[in-house]
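Architecture and fold: a report
The residues making up each chain are set out below.
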Amino acid sequence: MKSCLSHVAGLCAGFLIVANAHAAFQVVENFDSLTFGNISGQNGWSATSGSGEVVLDPGGDSNRVLKATTESGILHKATSVAQDTKHMLFLRFRFEEHGRFSFGLSHLSNPDEFSDFGPELGMAADTANDPNNDFRVANGLFPPGIYDVLRTLGPGIWYNIWILVDNSSDTYQVWMNSNRGGNAQFTDQLENSAAERKFGFRTSTVKGLINFFIKTGGGKSPVEGRFYIDDIYIEDTDDTNLNNPIALTQYLPWLPLLLLDE
């Protein structure tokens, strides 16, 4: 038993190091304590009728996630990046069929249009001219184009995404990978076809960003959607934090098993 406790103590020390590394990330929403069904009214979420619901992870895990529809859905929850500050936003997302969706941050208390985004990220509707599962971002730095395509995504895959939001210059940078629990690497930073890695807000503002905002559209996507979001975190400093804030949860469930084994 003594050797087991020593082993656990060593493991806990390792966990504490990991926890300290991620201490600056604060959870906005992980959905695990919410009730299955309509998201609206739960834990500060506002959503139009039928826009989103809490469901089990479609990847087979027991955790709860948000499923958003792709038929003119509007969802938001208070999340702050004050004017003249910058913070790292982290979340995970996946889709099953091609559909139009955007997520990001807004300076409005009740955003409802795509033009209400500051940083805006997502996918266009499937059309004859754009049949690919292209991940895109709004880029207000180089008009007249609105969106830059950054990479092609695959359905049924959970993606980690880190967004460095600079609300003094109204710009943002993006990192993405599909490594479960993995941190972002330098090579994970996304760029457009001109090799640019910094993008301008969809709509510039001299106000603070106050809502995490999801907006979906119809197009040829199925009404039911099958676009998912989980584990929304925000950094409470201005650090460019490329750690994965949910990495610790991948290991904690092993502790009871270790103790019961002795």
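About the thresholds
- Residues numbered from 1 in each chain as written.
- Predicted model: local features only at pLDDT ≥ 70, side-chain atom pairs only at ≥ 80, totals over all residues.
- Heavy atoms only, no water.
- Helix = DSSP H or I, 4+ residues; strand = E, 2+ residues; numbered from the N terminus.
- Buried < 20%, exposed > 50% of the residue type's maximum accessible area, 1.4 Å probe, protein only.
- Polar contact = N/O pair within 3.5 Å; in protein donor to acceptor, adjacent residues only side chain to side chain.
- Contact = heavy atoms within 4.5 Å.
- Salt bridge = Lys/Arg side-chain N within 4 Å of Asp/Glu carboxyl O.
- Core = buried A, V, L, I, M, F, W, Y, C linked by side-chain atoms within 4.5 Å.
- Pairing = 2+ DSSP bridges.

**Some thoughts on the side chain of Asn-139**
- Relative to the helices and strands, Asn-139 is located in the loop between strand S10 (134–138) and strand S11 (147–152).
- For Asn-139, a relative accessible area of 3% translates into the label buried.
- From its side chain, Asn-139 meets the backbone nitrogen of Leu-141 in a polar contact 3.1 Å long.
- Apart from residues lying up to four places away in sequence, Asn-139 is in contact with Gly-145, Ile-146, Asp-148, Asn-192, Glu-196, Lys-198, Phe-199 and Gly-200.

**What to know about the pattern of salt bridges**
- Taken as a whole and judged by the stated rule, the model has 7 salt bridges.
- When the shortest N-O distance is used, the salt bridge between Glu-29 and Lys-77 registers 3.0 Å. Of this pair, Glu-29 sits in strand S1 (residues 25–29) while Lys-77 sits in strand S6 (residues 74–81); the two residues are 48 residues apart in sequence, bridging distant segments of the chain.
- Exposure remark for Glu-29: the relative accessible area of 3% places this residue in the buried category.
- Here Lys-77 falls in the buried class, since its relative accessible area comes to 9%.
- As a salt-bridge pair, Asp-61 and Arg-180 come within 2.9 Å of each other at their nearest N and O atoms. Here Asp-61 is found in the loop between strand S4 (52–56) and strand S5 (64–68), whereas its partner Arg-180 is found in the loop between strand S13 (171–177) and strand S14 (199–200), with 119 residues between them in sequence.
- Through salt bridges that share partners, Arg-92, Asp-230 and Asp-231 make up one connected network.

**Thoughts on the nonpolar core**
- Counting 42 residues, the largest nonpolar core has Phe-93, Phe-103, Phe-135, Ile-161, Phe-212 and Ile-229 as its most contacted members.
- Ranked by size, the runner-up nonpolar core spans 10 residues in total, among them Phe-25, Trp-162, Trp-175 and Leu-242.

**With respect to the sheet that holds S11**
- Strand order across the open sheet formed by 7 strands is S3-S6-S15-S8-S9-S10-S11, with antiparallel pairing between neighbours. This sheet does not close on itself; its edge strands, each paired only once, are strand S3 (46–47) and S11.
- In this sheet, strand S9 (residues 117–123) lies alongside strand S8 (residues 100–106) in antiparallel orientation, the contact comprising 5 bridges. Bridging across to S9, Ser-106 finds its partner in Phe-117.

**Examining the environment of Ser-80**
- Locating Ser-80 in the fold gives a position in strand S6.
- You can call Ser-80 exposed: its relative accessible area is 53%.
- Along the sequence, Ser-80 and Leu-209 sit 129 residues apart, while their C-alpha atoms lie 5.5 Å from each other.
- For Ser-80, the contacting residues outside a window of four places in its chain are Leu-209, Ile-210 and Ile-234.

Honestly, that's just the spatial picture; any functional story needs more than this.
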